[in-house]
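Structure assessment
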Protein chains: 2
Amino acid sequence: MKELTIVKVGGKVIDDHEALASFLDAFTDVPSPKILVHGGGKVASDFGERLGITPKLIDGRRITDAPTLELVIMVYGGLVNKNIVAQLQARSENAIGLTGADANVMSAVKRPVSQVDYGFVGDVTKEDVGVSTLSKLIEAELTPVFCPLTHDKQGNLLNTNADTIASILGVAMAENYRVNLIYCFEQNGVLEDFGKKIVIKVLYRDRYDKLKSEGTIHAGMIPKLDNAFNALEGGVHQVKIGSFQSLKALLLGELGTKITIN
Amino acid sequence: MKELTIVKVGGKVIDDHEALASFLDAFTDVPSPKILVHGGGKVASDFGERLGITPKLIDGRRITDAPTLELVIMVYGGLVNKNIVAQLQARSENAIGLTGADANVMSAVKRPVSQVDYGFVGDVTKEDVGVSTLSKLIEAELTPVFCPLTHDKQGNLLNTNADTIASILGVAMAENYRVNLIYCFEQNGVLEDFGKKIVIKVLYRDRYDKLKSEGTIHAGMIPKLDNAFNALEGGVHQVKIGSFQSLKALLLGELGTKITIN
């Protein structure tokens, strides 16, 4: 089975021109076929502030009301995505920017309102991925660059967490490819001790559950790691987590945390 | 030779939800393969105002300084393009939104500074079009939706007039297809007399030159018609100009102005 590398990048790197350039150099060196999934960065909040749109958060999760949806379509789908694509093209990487609506590569269901109304947020399953179209794009030697937007097939774009998009993409593409999924963020990996910054080299499911119950793994990491374990359980070959500054070493298995079910 | 229809739409329709919906219904009925090129609409100025970005115009042409470039990347490449794509997907039209950077479908050269510095504006020729990639997308039964942005292959996006994009696309794609190019805007066609609103059914080059020298054809129409004649001279099979409310009738040749060299 052919290999496919999916790299998710998010956090401060999106807003830091030099760090992003250096990450994109490393991404260009990753063997094709590959897919990049990017988050939104702080730039959405900055533009939101200038536009007088107040960010709404519940339990650290962004609530996407109508003005926020417009904002993230502009920033994620426009500014961030297109700048990354243009910068990859400057590196002769034939990137193509995508929301889930483009070529219907990822549809979603608007999250039902229960205790919390998350607004225009899309929940996705592997059945929502346009595997055949994505495979065609990849076979045409294009490198898809996903921003964290999906669509409901009724004309509305929806906000979907980028970690989740990367995980679901991995599971869906695992039908056709041996998928390596790499989550890049600020830290060097999953840390076993916040003070000492010791990176866990291999994180097993049972240890994850233990660290979670002890509170060593904090709130922000939990959805990321849940996505990582879901990817493995869904058929992704390998999942690594580490720093956006060490993409090459992550690929080679020299740095970062390897996520393992058993 | 296979037919390809390229439709350019611009002006107020972009900002008018109902008019846009009705136009997209008609566009969905256009036989494939087809390409949509859209302009920016007033929404860019509205967001510019909210962001404190003052529009700069010289002779009715937008000057694209750095803040304006960010604005148009967000609005043209994000908000307008992705909403059109999502709305076409709701009509089961498999649209894919593109800037010129995506899949390198249209590169450009930053306009040299002469008397006027237009800023981040890209000039294009037919050699800048990724004909092979666009043909692959079309053969994969996708409908490209272009926004008026190109790139310089050095990591920068550039602002390029949507009428020009449509014309250059037509000329480049004429290598592989028998291209019909349709410009849709507010008016019912090219008018022979402003007061009476009489539409010229067939506009020949010599009559255009006469109307231009008489001043009957006004400033805003001149670049559009120059693009139309350039398209025909470059090998486009047919060019029509008319109302976004009559796309079907324009296609059938019942309404609008047919542009003809001789």
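In what follows, the structure referred to is the one given above.
Reading guide: rules and limits
Residues numbered from 1 in each chain as written. Chains lettered and ligands numbered in written order. Predicted model: local features only at pLDDT ≥ 70, side-chain atom pairs only at ≥ 80, totals over all residues. Heavy atoms only, no water. Pairing = 2+ DSSP bridges. Helix = DSSP H or I, 4+ residues; strand = E, 2+ residues; numbered from the N terminus. Axes fitted to C-alpha atoms, helices over the stretch in contact; angles between N-to-C directions. Contact = heavy atoms within 4.5 Å. Phe/Tyr/Trp six-rings, centres within 6.5 Å; stacked < 30°, edge-to-face > 60°. Lys NZ or Arg CZ within 6 Å of the ring centre and 35° of its normal. Buried area = accessible area lost by both parts, 1.4 Å probe. Salt bridge = Lys/Arg side-chain N within 4 Å of Asp/Glu carboxyl O.

**Here we look at the sheet that holds strand S14 (residues 202-204) of chain A**
Residue and element names in this part refer to chain A. If you trace the eight strands from one edge of the open sheet to the other, you get S5-S8-S2-S1-S11-S15-S16-S14, paired in mixed fashion. Looking at strand neighbours, the two that pair on one side only are strand S5 (95-98) and S14, the edges of this open sheet. Averaged over all pairs of adjacent strands, the angle between strand axes in this sheet comes to 20°, irrespective of strand direction. Sheet topology places S14 next to strand S16 (residues 257-260); three bridges connect them, and they run parallel. Of the residues in S16, the one forming a bridge with valine 202 is lysine 258. Helix-sheet contacts for helix H6 (residues 205-214) involve S14 and S16, and the interaxial angle to S14 is about 80°.

**Observations regarding the packing of aromatic side chains**
All names here are of chain A. Taken as a whole, this structure holds four aromatic pairs over all chains when the rule is applied. Ring centres of tyrosine 208 and phenylalanine 229 lie 5.0 Å apart, and the angle between their planes is 20°; this geometry places the pair in the stacked category. Of this pair, tyrosine 208 sits in helix H6 while phenylalanine 229 sits in helix H7 (residues 221-233); the two residues are 21 residues apart in sequence, bridging distant segments of the chain. A cation over a ring is seen here: lysine 34 above phenylalanine 27, with NZ or CZ 4.9 Å from the ring centre. If you follow lysine 110 out to its NZ or CZ, it ends over the ring of phenylalanine 120, 5.4 Å from the centre.

**Things to note about the interface of chain B and chain A**
The partner chain A presents 39 residues to the 39 residues of chain B that form the contact. Both faces combined, the contact of chain B with chain A buries some 3000 Å², and carbon together with sulfur accounts for 67% of it. Contact with chain A buries area across many residues of chain B, yet Leu51, Met74 and Lys82 of chain B alone supply 19% of it, more than any other trio. Put simply, chain B and chain A have two salt bridges between them. In this structure, the salt-bridge partner of lysine 82 of chain B is aspartate 102 of chain A, at a minimum N-O distance of 2.9 Å.

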